[in-house]
Each structure stands twice: as structure tokens, then as C-alpha cells.
Amino acid sequence: GRVDWGQNLAYGQLTWDTGKAKILSKGANALSLGAGGTADYVYISGGTGNVGIGTTAPSSKLHIQDTNDAVLTIAGGSGGGSSVGYIDFYSIAGAKNIARIEADRGTANSNGVLTLHTADASSAVAERMRINHDGNVGIGTTAPAEKLTVAGNISAGGAILTDSISATKSDLNYFAGKVGIGTTAPLYPLAVHDAGELLADFYSSDNHGYLRVRDNS
């Protein structure tokens, strides 16, 4: 059976099908759900099928809009170290998950960890990057000890700027292999290439600066 409503019974329909009940709008009419005397809490566009929560003009399959800061809340997890929730990105053509954004509790219920996962052609999604509860960022590591910890090589197409560089270990190397400035094919431990005449400028504000060159003895 079914129930039709609206002018000339042309606006909406309540009907039953095998294993489910259906509420439908007819023609190009939208479907609106409300509560407490207020309409359009949930709005389904009749022309596109887009779903709006807090909006009657959804521009995508799910459009959530609110004047408050918290628009979407995901709650879950069973204790320290467990996942609170995640969003999966699924490839229909590839029939597999290709990326994930996940939030974890960390080692304690009050700690927050945000992880980014991607999949290559031969494997399931795996963690590639994380932000720990202390704000440290890890790429290729799950235990970043500094504000940015990278396990692997780093390639920069632009400038790398720093206020200071300090070392606490005698065997610390900032660069492994050959370093090129202005060249991608350095032949020596340090190669500086430039079209101008000045290749390096050293300056000391206390008028006692010097450049030291020594052997390993």
C-alpha cells in the first residue's frame, strides 16, 4: 500500500517495498525533515538528490552548514591507543580504499593524534604522516621527537630558512653525501653555482668573524 499527500496528491508519497519503507517527494519537489515546529533540519533537493543539513541549497551530496564552530562531530574509541574515528576515501574504479584521515586517543584518553594514510597500487592504506598530541609532526615515523621529524630523504625546490642551527651530538650530520647550491649535480661535498660573480658572503656583527678550513687531524 501507499499514502500520497499534497495538492492533487502530487507532492509526496509514503510507500512500502520489500524489506523497507519509503518516503518520497514527487517530481522536482524537495523532501524536508524538521522537528519542534521548525522545518528543513534535513533537506533533500528534488533536482539533484543532494542532502543539506542546516541548508536548503546543498551544493554537494552532503552539505552541512551551521553558524556554530562545531559542524560535524565524530565520537568513538574504547580507551587509550584506540581509534576515535576516521574518514575513508574509496576509489570506485579501483574498488579499494586509497586514503584515510584518522583520529586516535594516543596513549591516554585525553591525548589526541591525527594521522594521514595513503595506499599504493599493491597495498592497503598505511600511515604516512601524523601530528602527535604535543604538536610534533612525523613523516615516515610514528614517534616524532621534534616539531618536524622525517624518516627518509628531503627534497626542496625552494629555500630552506632557519633562525639557528645547533648540534648536541658530535656525530650529527645535517646533510649526507654532496650538497649543491644552485646545482642539482654537485661533484664535491659542497658545490655552489651561480651566474653572478659573488658566490658566498660571510658577515659577522662583532667584526671578528672568520672562515675556518682544517683537515681531520
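Just so you know, these numbers come straight off a predicted model, no measurement behind them.

Some remarks on the sheet that holds strand β5 (residues 38-44)
Right, so step 1: Read across the sheet, 4 strands follow the order β4-β5-β6-β7 without closing on themselves; strand pairing throughout is mixed. Each of the sheet's edge strands pairs with one partner strand only, and the pair in question is β4 (31-35) and β7 (62-64). Going from strand to strand, the sheet's axes swing by 30° on average, the running direction of each strand aside.
Right, so step 2: Where strand β6 (residues 51-53) meets β7, 3 bridges bridge the pair, whose relative direction is parallel. Bridging across to β7, V51 finds its partner in L62.

Structural notes on the side chain of N132
Right, so step 1: The topology assignment puts N132 in the loop between β11 (126-131) and β12 (137-139).
Right, so step 2: Among the residues examined, N132 registers a relative accessible area of 14% and is labelled buried.
Right, so step 3: With residues near it in sequence (within four places) discarded, N132 still touches G112, V113, T142 and P144.

Description of the sheet that holds strand β8 (residues 83-91)
Right, so step 1: Pairing is mixed in the open sheet, where 6 strands are placed in the order β8-β9-β10-β11-β12-β13. Strands at the two margins of the open sheet, each flanked by one partner only, are β8 and β13 (148-150). Across this sheet, the average inter-strand angle for adjacent strands is 20°, counted without regard to direction.
Right, so step 2: Pairing of β11 with β12 involves 3 bridges; the strand directions are antiparallel. Across the sheet, M129 pairs through a bridge with I139, a residue of β12.

Quick look at the environment of G54
Right, so step 1: As for its placement among the helices and strands, G54 is situated in the loop between β6 and β7.
Right, so step 2: Given the relative accessible area of 45%, G54 is considered partly exposed.
Right, so step 3: If sequence neighbours within four positions are ignored, G54 has contacts with D40, Y41 and Q65.

Points about the packing of aromatic side chains
Right, so step 1: Enumeration according to the criterion identifies 0 aromatic pairs in this entry.
Right, so step 2: The residue whose ring lies beneath R100 is Y86, and the NZ or CZ to ring-centre distance is 4.0 Å.

A few points about a nonpolar patch on the surface
Right, so step 1: Among the surface-exposed residues, V71, L72, I74, I87, F89, I98, I101, L114, L116 and I131 lie close enough to one another that they form a single nonpolar patch of about 810 Å² accessible area.
Right, so step 2: Where the nonpolar patch is concerned, the elements lending two or more residues are β8, β9 (96-104) and β10 (113-118).
Right, so step 3: Within the secondary structure layout, I131 lies in strand β11.

A word on the pattern of salt bridges
Right, so step 1: Scanning all chains against the criterion turns up 4 salt bridges.
Right, so step 2: A salt bridge links K26 to D4, with the shortest nitrogen-to-oxygen separation between them at 2.7 Å. Of this pair, K26 sits in the loop between β3 (20-25) and β4 while D4 sits in strand β1 (residues 2-5); the two residues are 22 residues apart in sequence, bridging distant segments of the chain.
Right, so step 3: By relative accessible area, which is 19% here, D4 ends up buried.

A few points about unusual backbone geometry
Right, so step 1: Unusually for a residue other than glycine, D40 sits at a positive phi of about 65°.
Right, so step 2: Following the sequence through the fold, D40 ends up in strand β5.
Right, so step 3: Residue classification places D40 among the partly exposed positions, given a relative accessible area of 29%.

Rules of the game
- Residues numbered from 1 in each chain as written.
- Predicted model: local features only at pLDDT ≥ 70, side-chain atom pairs only at ≥ 80, totals over all residues.
- Heavy atoms only, no water.
- Pairing = 2+ DSSP bridges.
- Helix = DSSP H or I, 4+ residues; strand = E, 2+ residues; numbered from the N terminus.
- Axes fitted to C-alpha atoms, helices over the stretch in contact; angles between N-to-C directions.
- Buried < 20%, exposed > 50% of the residue type's maximum accessible area, 1.4 Å probe, protein only.
- Contact = heavy atoms within 4.5 Å.
- Phe/Tyr/Trp six-rings, centres within 6.5 Å; stacked < 30°, edge-to-face > 60°.
- Lys NZ or Arg CZ within 6 Å of the ring centre and 35° of its normal.
- Patch = residues over 30% accessible without salt bridge, like charges linked within 9 Å, V, L, I, M, F, W, Y side chains within 5 Å.
- Areas by Shrake-Rupley, 256 points an atom, 1.4 Å probe, with all protein chains shown as cover.
- Salt bridge = Lys/Arg side-chain N within 4 Å of Asp/Glu carboxyl O.

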